[in-house]
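Here is how the chains run, residue by residue.
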Amino acid sequence: MRDLVIIGGGPAGMSAAAAARRRGIRDILILERDGRLGGILNQCIHNGFGLHKFSEELTGPEYAWKYEEQVKELNIDCMLNTMVLDIDENKLITATNSERGLFTVKAKAIILAMGCRERPRGALNIAGTRPAGVYSAGTAQKFLNIHGYMPGKEVVILGSGDIGLIMARRMTLEGAKVKAVCEIMPYSGGLARNIEQCLNDFGIPLMLRHTVVEIHGEKRVEGVTIAKVDKSMRPIESTRQFIKCDTLLLSVGLIPENELSEKAGVELSAVTGGAVVDQDRQTSVDGIFACGNVLHVHDLVDFVSDEAEIAGNSAAEYIKGKKNDVISVKLTTDGKIRYTVPQTVTAKKDMTVYFRVSDVYRNVRINVRNGDKVVLSKKKQRVAPGEMENITLKSDMLDNAAELRLELEEM
Amino acid sequence: MYDVSVIGGGVIGGLTARKLARYKLKICVIEKENDVAMGASKANSAIVHAGFDAAPLTLKAKLNVKGSEMMERIASELGVKYRRNGSLVVAFDDKDRDTVTELYERGIKNGVRELRIIERGEVLSLEPNISDDVVCALYAPTGAIVCPYELTVAAIGNAMDNGAKLYTNFEVSDINKTGEGYEIISSNGDVIKSAYVVNAAGINADSIAAMAGCDDINIRPRRGEYILLDKADGGVVSHTIFQTPSDMGKGILVTPTVDGNLLLGPTAEDTDDKTDKRTTPNGLSKVLDRARKTTDRIDPKHTITSFCGLRAVGNTGDFIIKSNGTGFINAAGIESPGLSAAPAIAEYIVELLKNDGLELEEKSDFNPVREPTHAFREASAEAKNKIIAEKSEYGRIICRCEGISEGEIRAAIRQNPPARDLDAVKRRTRAQMGRCQGGFCMPYITGIIAEELGIPYEEVTKSGKGSEINIGKTKEI
């Protein structure tokens, strides 16, 4: 029996482990499937990490290293090259690695920090052939940055998620020609700063309301046909155009990897794809917590670290036997706001609520409503789906509330 | 000099080679692609049909019923997943009911066992998610599902384990008749000499036949597009569910696969292009629309992949399996129910070879059994730990979605027929076949292939030369 087992040694897992250790939990085990800690940060060799957390601009590996050092200094146990295969509702974990084969570990508390995966081609049902040269942006990033190989030299990117934008710049810097980034929505799903620094600075066109309708090429991609889409996202025939290329990168969304959470019986949100959690990042299963991209997809790792600290601290308190005050407040949204994390509140304290909006809006108010009464209102100049927002609730706003509703008011 | 050369590493060629491998013969399989099972054998409905479709007394009917009866044993010897899940042909109105009755009568004539027509109540008890509009169905409990490329790989692997030789990337460009038999010449100028030849070249069987002077065979490709859904949807139906057939085929089916996914398709569209394996927006939406007629529990967001296969439709309406009289056997026009009939077709071909004078003397050491590639992933925890203790690479998971270890991937590259590209590894192990479609594991598997084959990382391909995954080292291109 271990006190705390953390599934995943990426930024979320490491940060949660360090936080729990500092709260006095000595018996912690991190299970990591890769050969080293750091998760996907290891292949994110660009800078821009850590501005919020460390007030400096770090690369992904540098940011990860800061937490690896903490994990080492705090003597936290890690098992690398170890894949967790199952978690049951009694917090019994089954895993496998080369040294121990299949083995089980029972935990008093578990923190889920498995991260997310990229949505692949299949999920989009793009018509055409199935040649080499179609990769998700993160896979191409791994080939390029970890293995040192070029996946192609004439590139079209479908989707303007952050990884796609980063890869547009990265491929360009390595000598490839990025011909276009197609985005089916009327706005990019990536950070504004990435549009500026990765596309505009290099003259790479961002084609909004465009999608790839067909992939060409027998053995290797020889080109793609793109088209503009109408309001209901259907390609407009007359706008079809062929772009010659040898590579199509996909950056069309990230999906929290919750197969293990489901096995453990954790309730998932249909909107985030991650667990439904309270302010402590505790899931519907007692003693199982979640943080990082497995909970909901973040734009900035700095916020992942913050969230993981909350999960680590709460798991520590849970192991020490602390119970939350029994209040139950649901946080709901109006649709313009797509979701909040947390989705429920079980303790009376101040807390930051993270949320995403469903469209680009300018000059809005974010109102928090308890029945007819607006308990909090905050002005925002511009909100966009690609940028996570937050609002701070004071504990007294939870008084006499069964539900607090977050609404976006256009002014 | 080979006794028999089989042209075409598909399911027909594979099972024929395996059948021949039990005799004291020198045999080879000749395949133009980098791996076996690259044609219709990897892109079809994966169904072992009960045998009620084909017109009585045709080869299709006879060999389907017989092949379907042979399949279970062959699959078990070869360690190939096979499940007798039963099939249903559902009727939505009175016209369909007539068709179902017709199929029933045909099935009885063809000798299909246990066949019966069931009414809506019973259909619903077999398939709770079936559409509200279904009125009755033909129920064939002997219908089954099998993994067609796994069957092909295993048959050829087993033939090789028993002495057969496999030539890949050997595209036959000419065939000469000689005094001793035939000379098979590749586009690179390589020559294979063989006393007897079996033409199991699928979609290209007509051009191969023509090279040997048989000009009366014509193959027209018929495109069929499919959609494969996530394992989360594998339980939507448990039987293979057909709608009533038309002249163009058996219609859009909804079926679980032996690996637990849900398969929808195929469309049916004649073409003159033997390379046209594109999926099309129209085709894919037709598959979805028609499948939803069977059950509304289909979520296209759960698509794992979509693909297109080409049926080899012959010019006689039946399978064309005959000898030219001098040791050249054509097996052409093997469209549906070709997979179901394949074990019987292989036997039939060997009979024809015998008629042409091939001597068949049984080997004493023929081993019909092949260790299944999925043995490890289905083993008990105890058995797995025994293997991991000996071979630690079985403890290291490479494909996280399907839970496939490095040991299984290396085994697939070392086993007969060796996997030499990423798709070949996928077909043998299921690594890259899960939800992320290889997003995470592709770079690792690329490295394992490079290491096992002793080739540079950048030379690893998706499916043979010209499909290199990377174009070179960074800073060098």
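Every value quoted in this text rests on a predicted model; they were computed, and no experiment measured them.

Parameters and conventions
- Residues numbered from 1 in each chain as written.
- Chains lettered and ligands numbered in written order.
- Predicted model: local features only at pLDDT ≥ 70, side-chain atom pairs only at ≥ 80, totals over all residues.
- Helix = DSSP H or I, 4+ residues; strand = E, 2+ residues; numbered from the N terminus.
- Contact = placed C-beta atoms within 7 Å.
- Core = buried A, V, L, I, M, F, W, Y, C linked by C-beta atoms within 7 Å.
- Buried ≥ 20, exposed ≤ 12 C-beta atoms within 10 Å, placed from the backbone.
- Domains from an automatic or database assignment.
- Nonpolar A, V, L, I, M, F, W, Y, C, P; charged D, E, K, R; others polar.
- Pairing = 2+ DSSP bridges.
- Axes fitted to C-alpha atoms, helices over the stretch in contact; angles between N-to-C directions.

Here we take up the environment of K244 of chain A. Of note, K244 of chain A is situated in strand β18 (residues 241-244). Residue contacts for K244 of chain A: discarding those within four places in its chain leaves E154 and G223 of chain A.

Let us now look at the nonpolar core. Soluble, globular proteins show a tendency: their nonpolar side chains are buried together. Of all hydrophobic cores here, the largest spans 174 residues; its most connected members are L248 of chain A together with A137, V146 and I345 of chain B. At ten residues, the largest contribution of residues to this core is made by helix α8 (residues 338-355) of chain B. Counting residues in each nonpolar core, the second largest holds 109 residues, with V345 and L408 of chain A together with I398 and I404 of chain B among its members.

Splitting chain B by domain gives domain 1 (83-144 + 221-311) and domain 2 (381-459). Between domain 1 of chain B and domain 2 of chain B, the C-alpha centre-to-centre distance is 33 Å.

Moving on, we get to the domain arrangement of chain A. Accessible area lost upon the coming together of the parts serves often as the stated size of an interface. Residue and element names in this part refer to chain A. Taken domain by domain, chain A holds domain 1 (1-117 + 255-323), domain 2 (120-252) and domain 3 (325-411). Distance between the C-alpha centres of domain 1 and domain 3: 26 Å. Contact residues are listed per partner, giving twelve residues for domain 1 and 13 residues for domain 3. Among the residues making up the side of domain 1 that touches domain 3, the classes are represented as five nonpolar, five polar and two charged.

Sheet faces and side chains relate simply in a regular strand, where the side chains alternate between the two faces. Residues and elements named next belong to chain B. Burial of strand β7 (residues 136-140) is extensive: five of the five residues sit out of reach of the surface. Burial along β7 is two-sided: the residues C136, L138 and A140 and A137 and Y139 are all buried. In this structure, strand β6 (residues 116-119) lies alongside β7, joined through four bridges in antiparallel fashion. If you follow I118 over to β7, its bridge partner there is A137.

On to the environment of I337 of chain A. All names here are of chain A. Relative to the elements of secondary structure, I337 occurs in strand β23 (residues 337-341). With 23 C-beta atoms packed within 10 Å, I337 lands in the buried category. Those residues within four positions of I337 in sequence are excluded, and the remaining contacts are F355, V357, L406, E407 and L408.

With that settled, consider the sheet that holds β18 of chain A. Residues and elements named next belong to chain A. If you walk across this open sheet you meet the four strands as β10-β16-β17-β18, and the pairing is mixed. This sheet does not close on itself; its edge strands, each paired only once, are β10 (127-128) and β18. By the bridge criterion, six bridges tie strand β16 (residues 210-216) to strand β17 (residues 223-228) in an arrangement that is antiparallel. Its bridge partner being in β17, T211 is matched across the sheet by A227.

Residues and elements named next belong to chain A. Read from one edge to the other, the open sheet built from five strands follows the order β11-β19-β13-β14-β15, with strand pairing classed as parallel. Two strands bound the open sheet, and with one partner strand each, they are β11 (134-136) and β15 (206-208). Here the strands of the sheet are splayed against their neighbours by 20° on average, with no regard to which way each runs. Direction of pairing for β11 relative to strand β19 (residues 247-250): parallel, over a ladder of three bridges. Paired with V134 across the bridge in β19 is L248. The sheet contacts of helix α3 (residues 137-147) involve β11, β13 (154-158) and β19, and relative to β11 the element is tilted by about 95°.

Quick look at the interface of chain B and chain A now. The interface is formed by 46 residues belonging to chain B together with 42 residues belonging to chain A. The set of elements that each furnish at least two residues to the side of chain B that touches chain A consists of α7 (281-294), β18 (303-314), α9 (381-390), α12 (442-453) and β23 (472-473) of chain B. Broken down by class, the residue content of the side of chain B that touches chain A amounts to 17 nonpolar, 18 polar and eleven charged. Bridging between strand β12 (residues 149-150) of chain A and β23 of chain B involves two bridges; their strand directions are antiparallel. Bridging across to β23 of chain B, M150 of chain A finds its partner in G472 of chain B.

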